[in-house]
Amino acid sequence: MNGFARRTEQKKQAVKQAVLELLQKIRDPREVTIQEIARQAHVSPVTIYNYFGSKEHLIRETLLDDVVRQVDEYEAFLKQARSFEEKVKHTIFQEVKLFKEGWADVILRWMQEDEEFRRSIELLNETRVLPLVVDMIREAQKKGEVDPRLSIEALLLYLNGWRELSEKIPASLYNERLVEDMVRLFFYGVKGETR
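Given the structure is predicted, the values throughout are model-derived calculations rather than measurements.

### Examining helix α1 (residues 3-26)
Its 24 residues give α1 an end-to-end C-alpha distance of 34 Å, which sits within 8% of 34 Å, the value for a rise of 1.5 Å per residue. Taken together, the buried residues of α1 touch α2 (34-41), α3 (45-52), α4 (55-78) and α6 (103-113). Regarding α1, its N-cap is Asn-2, as a side-chain oxygen of that residue lies 2.7 Å from the backbone nitrogen of Ala-5 further along. Downstream of α1 by one or two residues, Arg-27 has phi in the positive range, about 75°.

Right under this line is the structure:
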């Protein structure tokens, strides 16, 4: 990469970082302005339009890059030699963190605003996230951590039900103890582990 291309890429990354920082504060992508982004990234608004074409395209690309980064981190964690329980706990904790920080709201809001972004996220879920979860379940079944008589479809419904339930809990209630209790309920129900 020559010097010009490297500087261009550095400016693009600075602009995307500015978007992420502003969205951490403002939370609503519609309320972020090109002028604020330019000021935060130390570039001109014209530079942003030259690189990204529109505010919508910039936000779409920035948020999609961030979601892909999160999926990459999730995949790296799942590939580590850990128990199914550790993987589920990590998954719940990461989702709780996203909701508690308000980041999930930003993503969900932009999915409602931007059809192309929504389709990209759905494709990412179908092609990367779902296969990761299915592989995690199959591995747990092979290790005897999950009943092998249960179908993948039933287990996916169960996991999805827990995910949807966790999204309904107010962020102010989340803490380490609640996550631990959710994991315990997930694996052992209200009766608890029997030995």
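### A closer look at the packing of aromatic side chains
Following the criterion strictly, the structure yields five aromatic pairs and no others. Relative to Phe-187, the ring of Phe-186 has its centre 4.9 Å away and its plane inclined at 80°; by these criteria the two rings are edge-to-face. Since its relative accessible area comes to 8%, Phe-186 is described here as buried. The exposure class of Phe-187 is partly exposed, given its relative accessible area of 23%. Three or more aromatic residues link up through ring pairs in this structure, and these residues are Phe-84, Tyr-158, Phe-186, Phe-187 and Tyr-188.

Calculation rules
Residues numbered from 1 in each chain as written. Predicted model: local features only at pLDDT ≥ 70, side-chain atom pairs only at ≥ 80, totals over all residues. Heavy atoms only, no water. Helix = DSSP H or I, 4+ residues; strand = E, 2+ residues; numbered from the N terminus. Expected span 1.5 Å × (residues − 1). Contact = heavy atoms within 4.5 Å. Polar contact = N/O pair within 3.5 Å; in protein donor to acceptor, adjacent residues only side chain to side chain. Phe/Tyr/Trp six-rings, centres within 6.5 Å; stacked < 30°, edge-to-face > 60°. Buried < 20%, exposed > 50% of the residue type's maximum accessible area, 1.4 Å probe, protein only.

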